[in-house]
Amino acid sequence: MAKRLPYWDNDRRIFPMTKTDYVKCGSKWVPVKQETSCISRNQTKYVLSKQGLPGERSHRLEKRNRYGHNEPYDTFSSIRCDGLKKSTWQVDFEQGNKNYIKLRNKHYYDKERYAKKKKNK
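Residues numbered from 1 in each chain as written. Predicted model: local features only at pLDDT ≥ 70, side-chain atom pairs only at ≥ 80, totals over all residues. Heavy atoms only, no water.

### Some words on the pairing of strand E4 (residues 75–80)
Step number 1: Of the strand pairs in this sheet, strand E3 (residues 56–62) and E4 are connected by six bridges, and their pairing is antiparallel. In the strand pairing of E4, Glu62 is matched with Thr75.
Step number 2: Bridge count between E4 and strand E5 (residues 85–91): five bridges; the pairing is antiparallel. Considered in E5, the bridge of Ser77 is made with Thr88.
Step number 3: The hairpin formed by E4 and E5 contains four residues between the paired strands, and Gly83 there has a positive phi angle of roughly 80°. (Pairing = 2+ DSSP bridges. Helix = DSSP H or I, 4+ residues; strand = E, 2+ residues; numbered from the N terminus.)

### Observations concerning the packing of aromatic side chains
Step number 1: Following the criterion strictly, the structure yields three aromatic pairs and no others.
Step number 2: Consider the rings of Phe76 and Trp89, whose centres lie 5.8 Å apart with planes at 45°: the pair is tilted. Here Phe76 is found in strand E4, whereas its partner Trp89 is found in strand E5, with 13 residues between them in sequence. Each member of the pair, Phe76 as well as Trp89, is classed as buried.
Step number 3: The positively charged end of Arg13 is found above the aromatic ring belonging to Tyr100, 3.8 Å away from the centroid.
Step number 4: Between the NZ or CZ atom of Lys86 and the centre of the ring of Tyr22, over which it lies, the distance is 5.4 Å. (Phe/Tyr/Trp six-rings, centres within 6.5 Å; stacked < 30°, edge-to-face > 60°. Buried < 20%, exposed > 50% of the residue type's maximum accessible area, 1.4 Å probe, protein only. Lys NZ or Arg CZ within 6 Å of the ring centre and 35° of its normal.)

### A short note on the environment of His59
Step number 1: Topologically, His59 is positioned in strand E3.
Step number 2: A C-alpha to C-alpha distance of 22 Å links His59 and Phe15, two positions 44 residues apart in sequence.
Step number 3: When sequence neighbours within four positions are dropped, the list of residues in contact with His59 reads Lys50, Gln51, Gly52, Phe76, Ser77 and Ser78.
Step number 4: A polar contact of 3.1 Å, which involves the side chain of His59, links it to the backbone oxygen of Lys50.
Step number 5: Reaching out from His59, the side chain makes a polar contact with the side chain of Glu56 at a distance of 2.6 Å. (Contact = heavy atoms within 4.5 Å. Polar contact = N/O pair within 3.5 Å; in protein donor to acceptor, adjacent residues only side chain to side chain.)

### As for the sheet that holds E5
Step number 1: The five strands are arranged E2-E1-E5-E4-E3 in an open sheet whose pairing can be described as antiparallel. A strand with exactly one partner marks an edge of an open sheet, and here the two such strands are strand E2 (28–40) and E3. Going across the sheet, the axis of each strand differs from the next one's by a mean of 15°, ignoring polarity.
Step number 2: Along the sheet, helix H2 (residues 93–120) contacts strand E1 (14–25) and E5; its crossing angle with E1, the most-contacted strand, is approximately 160°. (Axes fitted to C-alpha atoms, helices over the stretch in contact; angles between N-to-C directions.)

As structure tokens, then:
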């Protein structure tokens with residue numbers, strides 16, 4: 001049986017991440033495939049690290065959502081060696097913080113409901 005983590009633990013903070021693959025057509029990048037998944041706070045540190053991927057030409061860290069969160073970066077882009085394929089990982093910290101507040105409120109209301117139920121017995 002797995003240990004239950006408290007709601008404030010970094011592994012319980014869930015952030016939506018979108019990975020988009022691009023292919024170069026002429027001088028433009030055309031999106032080919034897009035995947036969405038949810039990752040923990042600890043995993044965002046690995047996705048948005050300053051180290052590049054093996055076999056890449058260049059990479060870039062940037063902040064697309066300027067006023068939505070206080071993190072230094074939210075997007076990691078990597079261009080492959082041949083220069084024809086590109087991948088972009090974007091973490092939505094704003095939605096992740098909303099998820100965290102929702103979980104925090106649920107924890108508080110569950111705690112209050114349990115205390116009220118215990119008091120009435």
